[in-house]
Amino acid sequence: MAKTYTLPPLPYKYSDLQPHISEKTMTLHHTKNHQAYVNGANAALEKLEKSRKGEAQIDIRAVLRDYSFNVDGHILHSFFWPNMAPPGKGGGNPGGKIGDKINQDFGGIDKFKAQFTDAAKTVEGAGWALVLYDSETDQLVLTQVEKQNNMHLAGMPLIVGIDLWEHAWVHDYLTDRPKYIEAWWNVVNWSDADARFAKVSH
Ligand code: MN
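So, here is what we can say about the structure in this document.

Cut-offs applied
Residues numbered from 1 in each chain as written. Predicted model: local features only at pLDDT ≥ 70, side-chain atom pairs only at ≥ 80, totals over all residues. Heavy atoms only, no water. Helix = DSSP H or I, 4+ residues; strand = E, 2+ residues; numbered from the N terminus. Expected span 1.5 Å × (residues − 1). Buried < 20%, exposed > 50% of the residue type's maximum accessible area, 1.4 Å probe, protein only. Arc of directions from axis to C-beta. Contact = heavy atoms within 4.5 Å. Pairing = 2+ DSSP bridges. Axes fitted to C-alpha atoms, helices over the stretch in contact; angles between N-to-C directions. Donors = N, O, S within 2.8 Å, 3.2 Å for Na, K, Ca; no water. Phe/Tyr/Trp six-rings, centres within 6.5 Å; stacked < 30°, edge-to-face > 60°.

With that out of the way, let us pick up helix α4 (residues 109–121). If you check α4, its first and last C-alpha atoms are 18 Å apart, about what 13 residues at 1.5 Å a residue would give, namely 18 Å. Among the residues of α4, Ile109, Phe112, Phe116, Thr117, Ala119 and Ala120 are the ones counted as buried. Relative to the axis of α4, the buried residues are bounded by an arc of 160 degrees and lie together on one face. Exposed residues pointing more than 90 degrees away from the buried face of α4 are listed as Asp110 and Lys111. Residues of α4 that are buried in the fold lie against α3 (96–106), β1 (127–134), β2 (139–146), β3 (158–163), α6 (177–184) and α7 (190–200).

Structure (structure tokens):
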């Protein structure tokens, strides 16, 4: 029997990102949304296994789409939680190798923040704005993800990212996504980004 996906604990309390992200948003986001992705990914794998054993007939395209949607939701959220930190610990400007790399690749933290914010604001519908590391060109690259499918296929390590699905901010900011993005800069965890970058850069 293969292992199943499990919901990882948050590295801080649900209330710790306040006032930027509320306890209610964090609680629902982690215990309902992320848990649903974990359950969905496990359910899809179970369906595939049953189908192989001849115990169930499945629409493989639908099941694989379900699997992709849910496992990528799980991967992205597992990345997202430690990629934030309570204000004071999170926010500010990046140091370490990631700080140097942002300066080198984007021409400074302000230019990086401006372009990342622009990308985050303009993701169409639900999705994510992410910074990935492209080892082929040795640079940090920005990407917009609509919904969340198939991200694990890209193969580029995640460095920094923001969840732009309404469930991540609508309780706190109603229709004002830009205000959420602005507040999120106060909880971005640059130490986590630095550790992720150090692991994959040469
Ligand atoms: Mn989410």
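The discussion continues.
Glancing now at the sheet that holds β3. Taken in spatial order, the three strands of this open sheet run β2-β1-β3, and their pairing is antiparallel. Each end of this open sheet is capped by a strand with a single partner; those strands are β2 and β3. Within this sheet the neighbouring strands show an average axis-to-axis angle of 15 degrees, counted without direction. Strand direction decides the pairing type here: β1 and β2, joined by eight bridges, are antiparallel. Bridged to tyrosine 133 within β2 is leucine 140. Set on the sheet, α3 makes contact with β1, β2 and β3; between it and β2 the angle comes to about 85 degrees.

The next thing to look at is the coordination of the manganese ion. At this site the manganese ion is bound by His29 (NE2), His77 (NE2), Asp163 (OD) and His167 (NE2), with donor distances of 1.9 to 2.2 Å. Positions of the donor residues of the manganese ion, expressed as sequence spacing, correspond to H-x47-H-x85-D-x3-H. Note that histidine 29 is positioned in helix α1 (residues 23–52) and histidine 167 in the loop between β3 and α5 (170–173), a separation of 138 residues in sequence. Here histidine 29 and histidine 167 have matching classes, each one buried.

The element β3 is largely enclosed, with a buried count of six among its six residues. Two strands pair when backbone bridges link them, and β1 and β3 are joined in this way by five bridges, in the antiparallel orientation. Within β3, the residue paired with leucine 132 across the bridge is leucine 158.

Tallied over the full model, the rule gives 16 aromatic pairs. Arranged with centres 5.5 Å apart and planes meeting at 90 degrees, the rings of phenylalanine 80 and tryptophan 128 form a pair that is edge-to-face. Of this pair, phenylalanine 80 sits in helix α2 (residues 60–80) while tryptophan 128 sits in strand β1, placing them 48 residues apart in sequence. Considered together, phenylalanine 80 and tryptophan 128 belong to a single accessibility category, that of buried residues. One aromatic cluster is present, built from ring pairs that chain together Phe106, Phe112, Phe116, Trp184, Trp185 and Trp190.

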